[in-house]
Amino acid sequence: MEREDPQNDSFDFLFKIILIGDSNVGKTCLVQSFKSGLFSETQQNTIGVDFTVRTLTIDGRRVKMQVWDTAGQERFRTITQSYYRSAHGAMIAYDITRRDTFDSVLRWLHELQRFGAANVLTALIGNKRDLEAERQVQFADACKLAEEQGMLAALETSAREKQSVEEAFVMMARQLLQQNGLCVTPDTDTHVLLRTNSRAIVTGCHGNCFI
Ligand SMILES: Nc1nc2c(ncn2[C@@H]2O[C@H](COP(=O)(O)OP(=O)(O)OP(=O)(O)O)[C@@H](O)[C@H]2O)c(=O)[nH]1
């Protein structure tokens, strides 16, 4: 199970996660939701890059998640690209109510391939799921894209309603632990979530553990 102890600053693993995607898709709100559970209707656009930390405990291991929230605006592109290299994982976010932000996902992936580490783990995050009536991107299309591009998973979130935000970060942490040769026990809640709201593309783990 995951829990947080704000008194304890030590950690066993440090993973750097970068959030990229078009402006106004809700990257900062997702990070805020993960960090503090708060949501702002009037969130300012990010200038350059912001940095947040939260430590999770997964199967008794303290996993420090260093989250880099990048500006989606074009004018900050040179600054934000310089942060790609050190990221272990990247969340590429789009807004389910704006098709153009989904159409940009491939461009973000290509930037990541160009400037990031070769083995960076990627997940596709469709945010603003609470605005179902305004939906312009079908979840099936996101799953198809994620699968074609070899991403870990496609998920839909709502930073506003706190839907699947925690699960998205925990999923990244668990997969990164597995990539580091560690076996982690199945997370029942996450798997229910992945079956109902989203689709796990990679669900297996090599070695003597299983999901
Ligand atoms: N309805 C709804 N609105 C959201 C959600 N997440 C973010 N928003 C709103 O979307 C707007 C943009 O959110 P941000 O978090 O600043 O977007 P961003 O992707 O970080 O934007 P940049 O910093 O410019 O890259 C704000 O008005 C938020 O209140 C969500 O899950 N649902």
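The name an unreviewed UniProt entry gives the protein is Ras-related protein Rab-43, with Cyprinus carpio as the organism. What the UniProt record of the protein gives under Sequence similarities (unreviewed entry) is the line "Belongs to the small GTPase superfamily. Rab family."

**Quick look at the overall build of the protein**
Looking only at helices and strands, one finds seven helices and seven strands in the protein. Reading the protein from its N end, one meets helices and strands in the order β-α-β-β-α-β-α-α-β-α-β-α-α-β. Relative to all contacts within the protein whose residues are 6 or more apart in sequence, the contacts with residues 24 or more apart total 73%.

**Re the packing of helix H1 (residues 27–36) against helix H6 (residues 165–179)**
Axis separation between H1 and H6 bottoms out at 9 Å; the angle between their running directions is 85°. Relative to H6, H1 is oriented roughly perpendicular. Facing Leu30, Ser33 and Phe34 of H1, the residues of H6 in contact are Val165, Glu166 and Phe169. Tallied by class, the residues present in the contact of H1 with H6 amount to four nonpolar, one polar and one charged.

**Some points on the pairing of strand E4 (residues 89–95)**
Two faces belong to every sheet, and in a regular strand the side chains alternate between them. Across the seven residues that make up E4, a large majority, seven, are buried. Residues of E4 alternate between two faces, with Gly89, Met91, Ala93 and Asp95 on one and Ala90, Ile92 and Tyr94 on the opposite face, all of them buried. Direction of pairing for strand E1 (residues 13–21) relative to E4: parallel, over a ladder of five bridges. Its bridge partner being in E4, Gly21 is matched across the sheet by Ala93. The sheet contact formed by E4 and strand E5 (residues 121–127) spans seven bridges and is parallel. Opposite Ile92, over in E5, you have Leu124 as the bridge partner.

**Some words on the site of the ligand**
Ser23, Gly26, Thr28, Thr46 and Gly72 are the nearest of the 22 residues found near the ligand. Of all the elements, H1 adds the most residues to the shell around the ligand, at three residues. Tallied by class, the residues present in the shell around the ligand amount to five nonpolar, 12 polar and five charged.

**Topic: the environment of Asp100**
Secondary-structure assignment places Asp100 in helix H3 (residues 99–103). Taking the C-beta count within 10 Å as the criterion, Asp100 has 11 such neighbours and is therefore assigned exposed. Between the C-alpha atom of Asp100 and that of Met151, which follows or precedes it by 51 residues, the distance is 20 Å.

**Some thoughts on the pairing of strand E2 (residues 49–58)**
Two elements, E2 and strand E3 (residues 61–70), share 10 bridges in a ladder whose sense is antiparallel. Within E3, the residue paired with Val49 across the bridge is Thr70. Between E2 and the antiparallel strand that follows it, E3, lie two residues; Asp59 among them carries a positive phi value of about 50°.

**Things to note about the environment of Thr28**
With respect to the helices and strands, Thr28 occurs in helix H1. Take Thr28: there are 22 C-beta atoms within 10 Å of it, and that puts it in the buried class. The spacing of Thr28 and Gln44 is 16 residues in sequence and 8.7 Å in space, taken between C-alpha atoms. For Thr28, the residues in contact, after removing those within four places along its chain, are Gln43, Thr46, Asp50 and Asp69.

**As for unusual backbone geometry**
If you check the backbone angles, Asn24 has positive phi at about 70° while not being a glycine. Take Asn24: it is sitting in the loop between E1 and H1. A residue is classified by how many C-beta atoms lie within 10 Å of it, and Asn24, with 16 of them, is partly exposed. Residue Ser164 is not a glycine yet carries a positive backbone phi of 65°. Turning to its location among the elements, Ser164 is positioned in the loop between strand E6 (153–156) and H6. Its 24 C-beta neighbours within 10 Å are what place Ser164 among the buried residues.

**A few points about the nonpolar core**
Core analysis: the biggest nonpolar cluster contains 51 residues, and Ile92, Ala123 and Ala173 have the highest contact counts within it. With nine residues, H6 is the largest single contributor of residues to this core. Contact partners of Ile92, with chain neighbours within four places excluded, come to Ile20, Gly21, Val105, Trp108, Leu109, Thr122, Leu124 and Ile125.

Cut-offs and rules
Residues numbered from 1 in each chain as written. Predicted model: local features only at pLDDT ≥ 70, side-chain atom pairs only at ≥ 80, totals over all residues. UniProt positions renumbered as here; feature names shortened; annotations may be inferred. Helix = DSSP H or I, 4+ residues; strand = E, 2+ residues; numbered from the N terminus. Contact = placed C-beta atoms within 7 Å. Axes fitted to C-alpha atoms, helices over the stretch in contact; angles between N-to-C directions. Parallel < 35°, antiparallel > 145°, perpendicular 65-115°, else oblique. Nonpolar A, V, L, I, M, F, W, Y, C, P; charged D, E, K, R; others polar. Buried ≥ 20, exposed ≤ 12 C-beta atoms within 10 Å, placed from the backbone. Pairing = 2+ DSSP bridges. Near = placed C-beta within 6 Å. Core = buried A, V, L, I, M, F, W, Y, C linked by C-beta atoms within 7 Å.

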